[in-house]
Amino acid sequence: MSDRELTFADAIREALAEEMRRNPRVFIIGEDVAEAGTPFKVLSGLVEEFGKARVIDTPISEPGFSGIGVGAAMTGMRPVVDIMFGDFLGLVMDQIANQAAKVHYMSGGKLSVPMVFRTTMGATRRSAAQHSQSLHAWVSHIPGLKVAIPSTPYDAKGLMKTAIRDNSPVVFFEDKMMYKLKGVVPMDDYTIPFGVADIKRAGNDITLVATSSMVQVALGAADLLAQIGVSAEVIDPRTTLPLDKSTLIESAKKTSRAIVIDEGYEQYGVTAEIASVIADGAFYYLDAPVKRMGAMNVPVPFSPALEDVTVPTEQSVFEMAKTLCGKA
Amino acid sequence: MTEHIDLEQSLHMYEQMAKIRAFEEKVNELYKNAKMPGLAHLYSGEEAVAVGVCEALHRDDYITSTHRGHGHCLAKGAKVDRMFAELLGKEAGYCRGKGGSMHIADPDSGNLGANAIVGGSMGIATGAAMSAKMRGSNQVAVCFFGDGALGQGLFYEVANMAALWKLPVIYVCENNLYNEYTHYSETTAGQLIARAQTFGMCAEIVDGQDVHAVYTTMQRLVERARCGEGPAFLQCDTYRYYGHHVGDINRAYYRAKEEETEWRANRDPLKILSARLVAQKLTDASVIERIEAEVNAEVESGVAFALNAPFPDAREVDEDVYA
């Protein structure tokens, strides 16, 4: 209805506010979520509207408040647990993977855990090895979890609203380098279903499957490819769990070439899973092996001179695509 | 201390303890006869804790249980037949065969599930208490765990928040003296109760073999939690008659036979209660025998039901992954 633009951070805040107005059982819990609004200011203003009883500041105790979220979710509430940096998933994996993910199954379907773990990902913020990782592959491995990994303000808002309304635990990854990214976000109450990929740019010669901030990288590479006459299709799965396999496979069948680009570590990562899905589903249509581009398999370094070479860039994706299309 | 507990309630507590004892003896038999898949961690010897605690709760109050959880589940209201069915992996079990001995959950009786990660449910119980407070439901939550679970960091995080926010949660520490195969004195610096006292939390120690003592203490702690006075910690000193699990037969390397014999002979929770009721001339041996006969019959019929019950259809394997 409008061309209103919001930043990625504003879109997430708006989704949270709308869902908190819609359902009094929704609340936020985490470190410095109230007056501070998180270090990234994503939650600024929420405590003023909803009060400290629903925007709850905690001690620095990630496993503790995550576990409290699980128990609250099992007994009628809908918590949104804030894990400031994705790296801190290392602290809370028991609560996410052994508790939240398994309660519904272990109880034979009698208990459920409707909650969202919000956390961040993404390197190049000069934050070094313990504040820069993209660890969505860890949780995408676990049955019982859903994993959302939006790339635009529009998707972030729609996926967050779906996550809060979902009756299963959702881990929601926000690339902290995208918080200021602007995009069109309509005023109306929309949601985006999980497990539905979005074609961010249509093309015919090569499929670029990209997640989160790598979607912007892939779109930039697609522009460069267009200049040399290669038409790239950019597809964003939007959720890694569930994964929209058919859209990825159909695109690869059409283009006959595919690169998967993701900011998680390349080894045993999201790129491996998606490349396998494409190789399996589109094998007889492929003219080249499916290529993977993830973060380098090193702890994320501090120095800009080092950090910048660890993640895929427009140029590196362009070069890879050019080679794959025989234009090198 | 026991004046306000009438005979009917005492006999009910005896029945609950006797039921747990008979249940666990049958579980051990099923294991020895290779009729039960997997293992089980028996609660025999600790019955007064679960029964004394759960007697002080309403049906809609919450509990979280542990790997040694059969006693908690039964004391909170689970039925013997469906418990056995779950232990045998049958469709009629509380979790349709998906949980087994270590994961029995029964939300109808307020049981949010047994947890096989030691200390793993401390967050869940605390969160349930927070939820009760937010919803204004007047429910309390009880977190059962053993002495070994105090080695986990989670306790210190959630106890801190529970005390800060005056949450209606009671942490019930069953000190059965052993962290699996190691005496707790070898793993514990300082006193167990000091761990709770440091948060300014109401903390008490009770004889976990005396169901009256557990019940009356628990009543006080529940009452104050319901009134908004915050969390409490109750250390119940008790003893595990069997090994860490049913297969832990040769225990001489970590505890003496004489110690086991002493607890069974002189510290048995069923004997303590029945002897007290008889000594006070409130009842006689025939009443106790009748209760024993009734629970034995319930256990026999429950196990027969479970042995004859069908397994789940293999096609159910991927049901209930998502809600």
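Residues numbered from 1 in each chain as written. Chains lettered and ligands numbered in written order. Predicted model: local features only at pLDDT ≥ 70, side-chain atom pairs only at ≥ 80, totals over all residues.

(A) Representation of the overall build of chain A in the model. Along its length, chain A carries twelve helices and 14 strands. Relative to its length of 328 residues, chain A is compact, with a C-alpha radius of gyration of 20 Å against a globular reference of 20 Å. Counting the 328 residues in chain A, one finds 58% classified as buried. Restricting the contact set of chain A to residue pairs at least 6 apart, pairs at least 24 apart contribute 80%. (Helix = DSSP H or I, 4+ residues; strand = E, 2+ residues; numbered from the N terminus. Rg over C-alpha atoms; globule rule 2.2 N^0.38 Å. Buried ≥ 20, exposed ≤ 12 C-beta atoms within 10 Å, placed from the backbone. Contact = placed C-beta atoms within 7 Å.)

(B) Focus on the overall build of chain B. If you tally the helices and strands in chain B, you get eleven helices and eight strands. Relative to the globule expectation of 20 Å for 323 residues, the C-alpha radius of gyration of chain B, 19 Å, shows essentially globular dimensions. When the backbone C-alpha atoms are referred to their principal axes, chain B occupies close to 55 × 50 × 40 Å.

(C) Highlighting the interface of chain A and chain B. Tallying the contact residues gives 35 residues for chain A and 35 residues for chain B. Contributions of two or more residues to the side of chain A that touches chain B are made by helix H3 (62-74), helix H4 (89-100) and helix H5 (103-106) of chain A. The biggest single contributor to the side of chain A that touches chain B is H3 of chain A, with eleven residues.

(D) Spatial organisation of the nonpolar core. Within the largest apolar cluster, 204 residues are counted, with the highest numbers of intra-cluster contacts made by Leu208 and Ala321 of chain A together with Val142 of chain B. Ranked by the residues each element gives to this core, the list is headed by helix H1 (residues 7-32) of chain B, at ten residues. Of the residues that make up this core, three or more belong to each of domain 1 (5-184) and domain 2 (198-324) of chain A. Each residue touching Val142 of chain B, except ones within four places of it in the same chain, is listed here: Val53, Leu57, Asp61, Tyr62, Ile63, Ala125, Ile170 and Val172 of chain B. Formed by five residues, the second largest nonpolar core is a distinct cluster that contains Ala123, Tyr265, Val300 and Val311 of chain A. (Core = buried A, V, L, I, M, F, W, Y, C linked by C-beta atoms within 7 Å. Domains from an automatic or database assignment.)

(E) Layout of the sheet that holds strand E8 (residues 232-237) of chain B. Residue and element names in this part refer to chain B. Read across the sheet, six strands follow the order E2-E1-E3-E4-E8-E7 without closing on themselves; strand pairing throughout is parallel. The sheet terminates laterally at strand E2 (111-114) and strand E7 (202-207), the two strands that pair on one side only. Across the sheet, the mean angle from the axis of one strand to that of its neighbour is 15 degrees, orientation sign disregarded. In this structure, strand E1 (residues 62-65) lies alongside strand E3 (residues 141-146), joined through three bridges in parallel fashion. Residue pairing for E3: Tyr62 is matched across the bridge by Ala141. (Pairing = 2+ DSSP bridges. Axes fitted to C-alpha atoms, helices over the stretch in contact; angles between N-to-C directions.)

(F) Geometry of the domain arrangement of chain A. Residues and elements named next belong to chain A. Considered domain by domain, chain A is made up of domain 1 (5-184) and domain 2 (198-324). One C-alpha centre belongs to domain 1, the other to domain 2, and the line joining them spans 26 Å. Contact with domain 1, which involves 27 residues of that partner, is made by 24 residues of domain 2.

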